[in-house]
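Chain residues, written in single-letter form:
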Amino acid sequence: MKIEKFNTEIDTLNSFFKTYCQDNHDRQEKRNLVLMYNDKIFDLELSLCSQCYMDIKYCFDRLKQCPHEEKPKCRKCSNPCYEKNQWKNTAKVMRYSAVKLKLVEVKKRVKSFFTN
Ligand SMILES: [Zn+2]
């Protein structure tokens, strides 16, 4: 996928995990995470508990390895790459934060990320 698309996807994941984690978990820690994609470097600042940190890293890894030139909606993917439990967990985080943030813009993004 294109760099811009990748950038949007990681931003969305980051803000959604952050919202969910702050409402549901304790002990967030600030961590810097550097991602490489197509020779570009993305330097992220995450504020998540250790569980969410592992989960979001999993999502970033899947995203990085997405083989599609034009990334399809994950639900429609012919070759889904998430493990079932990880998928369920991520979908829960995204749903929660979409409701919480109640922003049309954000809802649109979730839709493109997760729904059919
Ligand atoms: Zn958390």
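Residues numbered from 1 in each chain as written. Predicted model: local features only at pLDDT ≥ 70, side-chain atom pairs only at ≥ 80, totals over all residues. Heavy atoms only, no water.

You'll find the protein entered in an unreviewed UniProt entry as Nitrous oxide-stimulated promoter family protein, with Arcobacter roscoffensis given as the organism.

This part takes up the coordination of the zinc ion. Looking at the zinc ion, one finds its protein donor set to be Cys21 (SG), His25 (ND1), Cys49 (SG) and Cys52 (SG), positioned 2.0 to 2.3 Å from the metal centre. Seen from the zinc ion, its four donor atoms lie at angles of 98 to 122°, and the figure they make is tetrahedral. Given the relative accessible area of 1%, Cys52 is considered buried. (Donors = N, O, S within 2.8 Å, 3.2 Å for Na, K, Ca; no water. Tetrahedral: all angles 85-135°; square planar, octahedral: opposite > 155°, others 65-115°. Buried < 20%, exposed > 50% of the residue type's maximum accessible area, 1.4 Å probe, protein only.)

So, on to the packing of helix α1 (residues 3–24) against helix α3 (residues 84–101). Put simply, α1 and α3 touch, their axes get as near as 9 Å, and they point 85° apart. On the basis of the axis angle, α1 is roughly perpendicular to α3. Listed contacts from α3 to Thr12, Leu13, Phe16, Phe17, Thr19, Tyr20, Asp23 and Asn24 of α1 are Thr90, Lys92, Val93, Met94, Tyr96, Ser97, Ala98, Lys100 and Leu101. Of the residues assigned to the contact of α1 with α3, the class counts are nine nonpolar, five polar and three charged. (Axes fitted to C-alpha atoms, helices over the stretch in contact; angles between N-to-C directions. Helix = DSSP H or I, 4+ residues; strand = E, 2+ residues; numbered from the N terminus. Parallel < 35°, antiparallel > 145°, perpendicular 65-115°, else oblique. Contact = heavy atoms within 4.5 Å. Nonpolar A, V, L, I, M, F, W, Y, C, P; charged D, E, K, R; others polar.)

Our focus in this paragraph is α3. Between its first and last C-alpha, α3 extends 26 Å over 18 residues, near the 26 Å set by a 1.5 Å rise per residue. Among the residues of α3, those classed as buried are Gln86, Trp87, Asn89, Thr90, Ala91, Val93, Met94, Ser97 and Ala98. Note on α3: the residue one or two positions beyond its end, Lys102, has a positive phi of about 45°. (Expected span 1.5 Å × (residues − 1).)

With nine bridges connecting them, strand β1 (residues 29–37) and strand β2 (residues 40–48) associate as antiparallel partners. From the neighbouring strand, Tyr37 faces β2, where its bridge partner is Lys40. (Pairing = 2+ DSSP bridges.)

Attention shifts here to the packing of α1 against helix α2 (residues 50–65). Interhelical geometry of α1 versus α2 gives an angle of 165° and a closest axis separation of 11 Å. Compared by their axis directions, α1 and α2 come out roughly antiparallel. By crossing handedness, the relation of α1 to α2 is classed as right-handed. Together, Phe6, Glu9, Ile10, Leu13, Asn14, Phe17 and Cys21 of α1 and Cys52, Asp55, Ile56, Cys59, Phe60, Leu63 and Lys64 of α2 make up the contact between the two elements. When its residues are assigned to classes, the contact of α1 with α2 shows 10 nonpolar, one polar and three charged. (Left-handed = near helix turned anticlockwise from the far one by under 90°.)

As a further point, take the pattern of salt bridges. Under the defined criterion, the tally for this structure stands at five salt bridges. With its nearest N and O atoms 3.0 Å apart, the salt bridge here joins Lys5 to Glu9. Highlighted residues: Lys5 and Glu9, both in helix α1, separated by four residues, approximately one helical turn. Residue Lys5 is classed as partly exposed on the basis of its relative accessible area, which comes to 30%. The shortest N-O distance in the salt bridge between Glu29 and Arg31 comes to 3.7 Å. Taking relative accessible area as the criterion, Glu29 reaches 44% and is therefore assigned partly exposed. Arg31 sits in the buried class, given a relative accessible area of 17%. (Salt bridge = Lys/Arg side-chain N within 4 Å of Asp/Glu carboxyl O.)

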